[in-house]
Amino acid sequence: MAKGVLVDITKCIGCKACQVSCKQWNDLPAKIPEFVDGLTGPPDMDGDTYTVVKFKVVEMAGEYKIRSAKKQCMHCQHPACVSACFAKALEKDPKTGAVIYHPHLCVGCRYCMLACPFDIPKYEWEKTFPLIAKCQFCFDPQDKYDRLSYGKPPACVDTCITGALVYGERDELLKEAWNRINSDPSYIKKVLGEKEAGGTSWLYISDVPFEDFGFRPNLGTRPLPEYSHDFLKYTPIIAVGWGTLLTVLYHYTKRREQVASESDNKDVHL
Amino acid sequence: MSADKGLFQEIAAYKWKFTMTTARKILILLAGLGVVCMLYRLATGLGSATNLNDQWPWGLWIGFDVLTGVALAGGGYGTAIIVHVLHRNKYLAIARSAMLTSLLGYLLVMAGLFMDIGQWFNFWRPFVSWGHTSVLFEVFWCVSCYTTVQVLEFGEIVTEKVGTKYHNFFKKALPVLMVLGIIFPTLHQSSLGALYVIMVDKLYPLWWSPYIGLMFLMSSFFVGPAMICVETALAGKAFKHEVPISVLRGLVRIAGVFMILYLGLKFYDLAARGVVNLIFAGNLEGNMFMAEIILGVMIPVYIAFSSMSNTRKGLITFGILVSGGLIFNRMNVVFTGMSAALGGWYFPSIMEWAVSIGLISIGCLVYCFIAENFNILVHEDHQGAST
Ligand code: SF4
Ligand code: SF4
């Protein structure tokens, strides 16, 4: 069954242990610290950073509070990035639901970066032969960085000390999410990822607007690959139909012209 | 083998011409600069040569060199439909130069793409690893196939002068090539637009449309005659080759009809999605959209169907407005329409400009070279002999 992670923004204390453990597990180099919005650092995911804890100061009932949310690939159920990759370098693993990257197939067109509704895939801009960088859900068919196949939760979830991240079956997490929302009125009545972009493996619940952490306010619920499919499904019909029509026209107008020039020779006006 | 030897000898013996002028010297300089920048980019990567970043993964090379380049080169397939499928022979005079521009355009597009992809040694992957759910997959295949078809089509022109014994072979293959050479562009002109359907929550609603593919296709078709107007005006000066006004006017009117259909589709679609009011929102997007439609479509339609299209001036104005409008449209899709969603900042680096300009200069130089050596600009008096 498809796995998932429930992120409860109300429980996150912003310690960034998940961010560090991700770097460690995946052998990602550290960088000179750089901050935005106070404590968010690096400002966003990048070529060496699969996940970032985003901070936001929010005003609640006259009081200022800090909220933080870990962001990474959502591991969509209908991933736009996978459908957009023309070299099959991105793939959704049917068992775990992890969306993973096969570097040797990548051409480096960066269409996946634009297609992803959560702006997740990043690029190793400084390299001569750059690759895409994004969270792999600690799933690795090559084994080296694999945790999920061994029944372990992703490195970040394993490190989380407050239970803000919970790993499990997506269905059960979704139930748990709604239980929490229904038993505590301070939650926003929405599980982000339940339906967005066709549903995601990672689910978020929060007491402050999700847009505060950079989620698009206009995320639709229709799976994005369907939009491309709605276009591509006409390709065979157009290719065959148009080809036939052109061939017929070619012969027809050619013949007409021959007839015309024959009669021209006989000095007949058209 | 000996046949090939003969061919090489023939190539060596043929009297190639290339006249030097000041303009050409400047072009050679720009081309050289572009090549240097390209080598630098290949050696050091995208980060140091371009201003592309994680928020703006696509920039000038994709927006201008590829998206706009392919559309502007669309004159080739449009003319092929009119001349070779519908056999409107009065347009034969421009058929060859339109096809040549198109071929060169596509070769430049390929070069631009090659510069832009990060793992360029991997460019062939999609031929074997089929990501068929991607619109880009269709673009990739069709552009590659079409460029091949165009090179073969061009073989017919080349073998008139060099390697003449293959000429009959190319002549026989031409009808098949023509039909293929229309199907492929039809598909990829539209799929270039359809690349953006998946960005439904990113591209501004004035440009995002479920019909964006069809709109790209139509605009690539009607920009053909406009480009021919501009090109014949330029080439007319350089090579003393005047295309009769009636020929151009006929083409411009065909374009005009499609522009009216295009406008109709645009407004139907905006109305159907209930976003017409965004045009008048007074924001950057609204104003850019308005400018694009009025300058690039409405005014040219008026020119096409008024007496202005009877004069060379009118035709050139039409050509410049429509081609400019198309460039504007593609830029709006790639930059204006995406800026709110992507945030951050992007402006092409000097090297990005140098490469784009260099590629165009190379194109112009090759065009001149070919026009001087082969029967491209068919003069009235040669027409009988060369057709
Ligand atoms: S969040 Fe983006 S990168 Fe992750 S699976 Fe979805 S579309 Fe792909
Ligand atoms: S950049 Fe690589 S992974 Fe992304 S769409 Fe292009 S080929 Fe696929």
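Every value quoted in this text rests on a predicted model; they were computed, and no experiment measured them.

All names here are of chain A. The UniProt feature table records "binding site: [4Fe-4S] cluster 3" (unreviewed entry) at C73, C76, C81 and C116. Annotated residues spanning 44 residues; largest pairwise C-alpha distance 10.6 Å, indicating a single compact cluster. If sequence neighbours within four positions are ignored, C76 has contacts with K92, V99, F118, G199 and T200. Assignment of secondary structure puts C81 in helix α2 (residues 80-84). If near-sequence neighbours (up to four positions away) are discounted, C81 is found in contact with L90, V99 and C112.

Let's shift gears to the site of ligand 1. Around ligand 1, the surrounding shell holds 14 residues, and the nearest of these are C73(A), M74(A), C76(A), C81(A) and C116(A). Partitioning the shell around ligand 1 into residue classes produces 12 nonpolar, one polar and one charged.

Moving on: the packing of aromatic side chains. Inspection of every chain in the model, using the stated rule, returns 33 aromatic pairs over all chains. Where W130(B) meets W141(B), the ring centres are 5.6 Å apart and the plane angle is 75°; that geometry is what we call edge-to-face. Of this pair, W130(B) sits in the loop between α7 (125-128) and α8 (135-161) while W141(B) sits in helix α8, and the two are 11 residues apart along the sequence. W130(B) gets classed as partly exposed once you look at its relative accessible area, which sits at 45%. Between F335(B) and Y346(B) the ring centres are 5.8 Å apart and the planes differ by 10°, which places this aromatic pair in the stacked class. With F335(B) in helix α13 (residues 312-342) and Y346(B) in the loop between α13 and α14 (350-373), this pair connects stretches of sequence that are 11 residues apart. Of the residues examined, F335(B) reaches a relative accessible area of 17% and is grouped as buried. Looking at Y346(B), the relative accessible area reads 12%, which means it is buried. Each member of the aromatic cluster is reached from another via a ring pair, and the members are F86(A), F127(B), W130(B), F137(B), F140(B) and W141(B). Lying over the aromatic face of F215(A), K71(A) brings its terminal NZ or CZ to 4.4 Å of the ring centre.

In terms of nonpolar packing, the biggest core is built from 134 residues, with Y111(A), L195(B), Y196(B) and F318(B) touching the most fellow members. If you tally residues by element for this core, the top one is helix α10 (residues 212-239) of chain B, at 12 residues. If near-sequence neighbours (up to four positions away) are discounted, Y196(B) is found in contact with Y111(A), W58(B), L67(B), L203(B), W208(B), I212(B), V333(B), V334(B) and M338(B). In terms of nonpolar packing, the next biggest core, distinct from the first, is built from 40 residues, C18(A), I100(A), F118(A) and Y204(A) among them.

Conventions and cut-offs
- Residues numbered from 1 in each chain as written.
- Chains lettered and ligands numbered in written order.
- Predicted model: local features only at pLDDT ≥ 70, side-chain atom pairs only at ≥ 80, totals over all residues.
- Heavy atoms only, no water.
- UniProt positions renumbered as here; feature names shortened; annotations may be inferred.
- Contact = heavy atoms within 4.5 Å.
- Helix = DSSP H or I, 4+ residues; strand = E, 2+ residues; numbered from the N terminus.
- Near = heavy atom within 4 Å.
- Nonpolar A, V, L, I, M, F, W, Y, C, P; charged D, E, K, R; others polar.
- Phe/Tyr/Trp six-rings, centres within 6.5 Å; stacked < 30°, edge-to-face > 60°.
- Buried < 20%, exposed > 50% of the residue type's maximum accessible area, 1.4 Å probe, protein only.
- Lys NZ or Arg CZ within 6 Å of the ring centre and 35° of its normal.
- Core = buried A, V, L, I, M, F, W, Y, C linked by side-chain atoms within 4.5 Å.

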